[in-house]
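# Chain and residue survey
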Amino acid sequence: MSLASPLALLWLAALIPVVVFYILKIRLRRVPVSTILFWRQIYDEQQPRSIWQRMRHWLSLLAQVVLILLLVLALADPFFAWETRQLRRIVLIVDNSASMNATDVSPSRLAAAKDEALRVIRGMRFRDELAIVTAGGSPRVVCGFSSHSRTLSHAIDDVVATDNPTRVIEAVELARRLLGERQDEHQREIVVLTDTAKGQARQNSNLADHSAERAPASPPPNLNFEVPDPGLQIRTRRFGTNAGNVGITQFQTRRSLIDPLGYEILVEVTNASDELVECRLEIDLNDEVVDVVPLKLTPGQRWSQSFEKTSADGGHLMAKLDRADTLAVDNRAWAVLPQREMLPVTLVTEGNLFLQKVFESNPLVTLTRIDPPGWKPPGSRIRQNAGTENSNVAFNSARSLATAATSGITVLHRHVPEVLPSGAVLVIDPRNSCEAWQLGEPIQNPIVHQQDKDSPVLGHVRLDNVVMPEARQVTFASDEGVKVLARSVAGDPLLATIERPGQKVLLLTVNLDEGDLPLRTAFPILMMNALNWCTENRGELRESLPTGAITEIDVAALRSVGQAFQPDPNAPSDVELNQTTRPAGVAGTTGQPGKADLRLVAPDGRRSALPTPSERLSLGPFDQCGVWRVVADEGDTTLLELACNLADRNESDVRVPKSDAATSASVVSTGWLGNRPVWFWLIAVAWLLMAVEWWAYQRRVIE
Amino acid sequence: MPLFDTEFLKKLEYLSLVSRRMFRGSLLAQRRTMQTGGGIEFADHREYSHGDDFRHLDWNVFARHGQLLLKRFQEEEDLHVYLLLDCSRSMAFGSPPKFDLARQIVAALAYIALADLDRVAVIAFADDIIADFPLTRGKDRILSLLKFLEGLEVQGEATDLGRVVKAFTQRPQRHGLAVVVSDLFDPQGYERGFDLLRYRNYELHAVQLHDRQEAEPSLLGELELVDIESDGGQQVTITENALKKYRTLFEDFQESLRKYGRKYGVGLTQTRCEVPFDELILKMMRASGAVG
């Protein structure tokens, strides 16, 4: 045995005054009495004193000496050598993933795990250190190594349920790093409280689909976290039963490729139970039923179906199962369907039926046709005043293209002004030069030799076998912002984009009257892509995110949205700014997010402040299913909505094999000292001794 | 502060005034020295018997009724009062000391007796008779008596009442009233002395004094008790339980005194030493009917 504070032995000097005072105290006081007759009668009647009574003074002194010895020894804080050898460093992994919300274990698996965690904490030996890591979503250290039971208990109490997928393997890796690789005399332990089946690699099957949006996680070396590791003991306690569950494991939407107002819904329902399940899937849009599908799912069956629906107003799509099972969070799934906005298109042409019809056929386009003589470039005045009114130039430079696009899209057919208007401009078959390019000789029969397949303008469009006679050679005045999307064999640009501050220009040098491009299906798709490119895909769907995912948003776009709804006194009079064009996922906005702090609002109303970098902002990980909102702090204006679903087959499969549940005994372990230090027991013995001494002497048991 | 000051003497005078008949005829409800004979106060008649003095025949009754009746007269005789004062060292115990109260009581009783023209003697004793104030008569002797009492001190060893009474009764003296003023803490028992006095035809009255600490001691813990009479000691551990036993024993002792008094017609006055002597005397007189 060693002493942690040997200097405390100096307190043994207190024995001297105690013994001296005690001896002084037990010296008999002589008291004169008038007669001793009555006292003799009392004491002569009593039986001869026992050995205890004869030794009572010395026993009392002995008790007090022992009491002081115990107290001084306790102050010296003794400890045994084996205590240091058996000192443990424990990492307690609490799985607070979505499946731990299953109620097959009352009240929930997570509550049972937290109770077990508290028992582990109470079972800590003195000098043991314990850290707490959560494994729901990205592993997080909620409490570093500590021996203080109350701190650890509070940390356990603060572990909240999430809808995140299980990340036990990553959590174990984190625990390994916390424990370190040092092979010292400390015992290293990892205690895992989870519902993950033994040997099951609970990797989210959707992880690959959303890998770009998820937090980077280093791949674990072993999918089974219970692999033997010398010097490291991993004990697992599994919570759960073999209860089945039916859940929505996929719920995504996308815009229809053929209908600008249409959208498609992909739903997948998985029966993770051992029995036949009959239920009903209902899909609502803003609480109005869109579709109802009765389901009859065999054990383990995955049912999936896509639905094609139409809506211009958008809103919140919600799929729900009418079956109450052990896990409720996957019985509902959400998606955000943005509102489609009408797009004003000004067609400046002397007349082209193909061009006019291709815009008229788009239900989102409000087409205005103007003959070139009556058309005045809307942005020309700004351009002309650029040299004199610096404030206006600065304003236009700061405004994003999205803001400029709210005034609509200008389509210039053949007639090109010397100065291109600001905003989004489609130039088709130009017949004269302008400040952006010089027009050359016609190219007789150019063949598209090179096509930018990654450009959104050329999505689903193939131009390699399209005849484009009388395309014009173009020489750009500057290469800044110019991107050629299609070239001829000779290298002449046939399709190009020019992006400049406050201006987006799509140039197509093809003569529509001579070629067969208007007769191809590629033409309306190309025009649709061009419109989307000009409007920066406003109204496009943002996919539903799985829980635990991280996504990025364009802060500049959000700011522009806020500005777009403010009447701008510096705006040109001929630009209509009262049109409401919203980015993807935005339901409505009236505030000024560019000047206000942004906050992320969880489905349950929790608010968290967001940093406001200049360009892009990472959001997440989202730990709750439902619709999340990005709001401006002032006015609670919603700028962006994001749907978040569990969408995890492994999480929906909450079954824990009976063999795993049966073998996962309690992980609580205690030492023979009852997890108390030696000084605690010394104090306890001293207290007991004091009580016995008081009872025996003060209560006159020994006289 | 002197034991017998002017105030004390005033109280004595007061007590003597209110207790004219204390010893004469009704002290402690006892008829003391009733003898018929040559007195002047008529008592009653009795039948004439042969040999009676003709001078005592009531001729008037004989003339009226023809009966020979003898007239009887109450013969008055002075009373002998013996005041036995305990001077053992146990009498020095108490607050105030029992000895002071005992001397005041003796002085008061002696003054009342002397005022009634009775004869008074004071016998101081402890383990034996240690001092004597012989029989005296007349109120003018009170100062000498007080001086005698003031000169007494506690002394001797353990009280031996039997031995004292034996020595007292062997004296050639008339019987009379014997008043014992003591705490009666006699290791051999007070009964021996009392019995002897009764056997010798002394009218006995006991005044027993005790202190509050003797009746209800407040001692606790490890102590060595020292008997101030015998200097004998005893090491004891006094507990609440022992105190309870002590109080029971002391009360039994007091009760045994009362039983003895009732059984043998012995007058008994029990008092604590903090009681003023005049109150105690008045109490005794009220008990005897000497005062209303």
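Coordinates for the structure precede this section.
Here's what I pulled together on the structure shown here. Quick caveat, the model's predicted, so the values are computed rather than measured. (Residues numbered from 1 in each chain as written. Chains lettered and ligands numbered in written order. Predicted model: local features only at pLDDT ≥ 70, side-chain atom pairs only at ≥ 80, totals over all residues.)

### Some remarks on the overall build of chain A
For chain A, the helix and strand inventory stands at 17 helices and 32 strands. Split into buried and exposed, the 703 residues of chain A put 39% on the buried side. Within chain A, contacts between residues separated by at least 24 positions form 75% of all contacts whose residues are at least 6 apart in sequence. (Helix = DSSP H or I, 4+ residues; strand = E, 2+ residues; numbered from the N terminus. Buried ≥ 20, exposed ≤ 12 C-beta atoms within 10 Å, placed from the backbone. Contact = placed C-beta atoms within 7 Å.)

### Focus on the interface of chain A and chain B
Each partner contributes to the interface: chain A provides 19 residues, whereas chain B provides 26 residues. Residue assignment for the side of chain A that touches chain B shows that the elements contributing at least two residues are strand E2 (29–33) and helix H2 (37–45) of chain A. The element that contributes the greatest number of residues to the side of chain A that touches chain B is H2 of chain A, accounting for 7 residues. Taken together, the residues of the side of chain A that touches chain B break down into 11 nonpolar, 3 polar and 5 charged. Both E2 of chain A and strand E8 (residues 221–227) of chain B contribute to a ladder of 5 bridges, which runs parallel. What sits directly across from Arg30 of chain A, in E8 of chain B, is Glu224 of chain B. (Nonpolar A, V, L, I, M, F, W, Y, C, P; charged D, E, K, R; others polar. Pairing = 2+ DSSP bridges.)

### Overview of the sheet that holds strand E5 (residues 129–134) of chain A
All names here are of chain A. Reading across the sheet, the 5 strands line up as E6-E5-E4-E7-E8 and stay open at both edges, with mixed pairing between neighbours. If you trace the sheet from one side to the other, it starts and ends with strand E6 (140–146) and strand E8 (232–238), each paired once. Averaged over all pairs of adjacent strands, the angle between strand axes in this sheet comes to 15 degrees, irrespective of strand direction. For strand E4 (residues 88–94) and strand E7 (residues 187–194), the ladder comprises 7 bridges, and the chain directions are parallel. Following the sheet pairing, Ile93 is matched in E7 by Val192. Strand contacts of helix H6 (residues 109–122): E4, E5, E7 and E8, with the helix running at about 170 degrees to E4, the strand carrying the most contacts. The sheet strands contacting helix H7 (residues 149–157) are E5 and E6, and the helix crosses E6 at an angle near 170 degrees. (Axes fitted to C-alpha atoms, helices over the stretch in contact; angles between N-to-C directions.)

### Re the nonpolar core
Membership of the largest hydrophobic core comes to 83 residues, with the highest contact counts inside it found for Val91, Leu92, Ile93, Val94, Ile132, Val133 and Ala175 of chain A. Take this core: its biggest share by element is 7 residues, from helix H8 (residues 168–179) of chain A. Phe99, Val106, Tyr111 and Leu280 of chain B belong to the second largest nonpolar core, which has 65 residues in total. (Core = buried A, V, L, I, M, F, W, Y, C linked by C-beta atoms within 7 Å.)

### Regarding the pairing of strand E16 (residues 343–348) of chain A
Regular strands place side chains that alternate from one sheet face to the opposite one. Residue and element names in this part refer to chain A. In terms of strand pairing, E16 meets strand E17 (residues 365–370) through 6 bridges, oriented parallel. Residue pairing in the sheet places Val345 in a bridge with Leu367 of E17. Since E16 and E17 lie parallel, the crossover through helix H9 (residues 353–360) that links them has a hand, and here it is right-handed. Pairing of E16 with strand E18 (residues 409–413), which is carried by 4 bridges, proceeds in the parallel orientation. Within E18, the position partnered with Val345 by the bridge is Ile409. (Right-handed = clockwise from strand over helix to strand, strands pointing away.)

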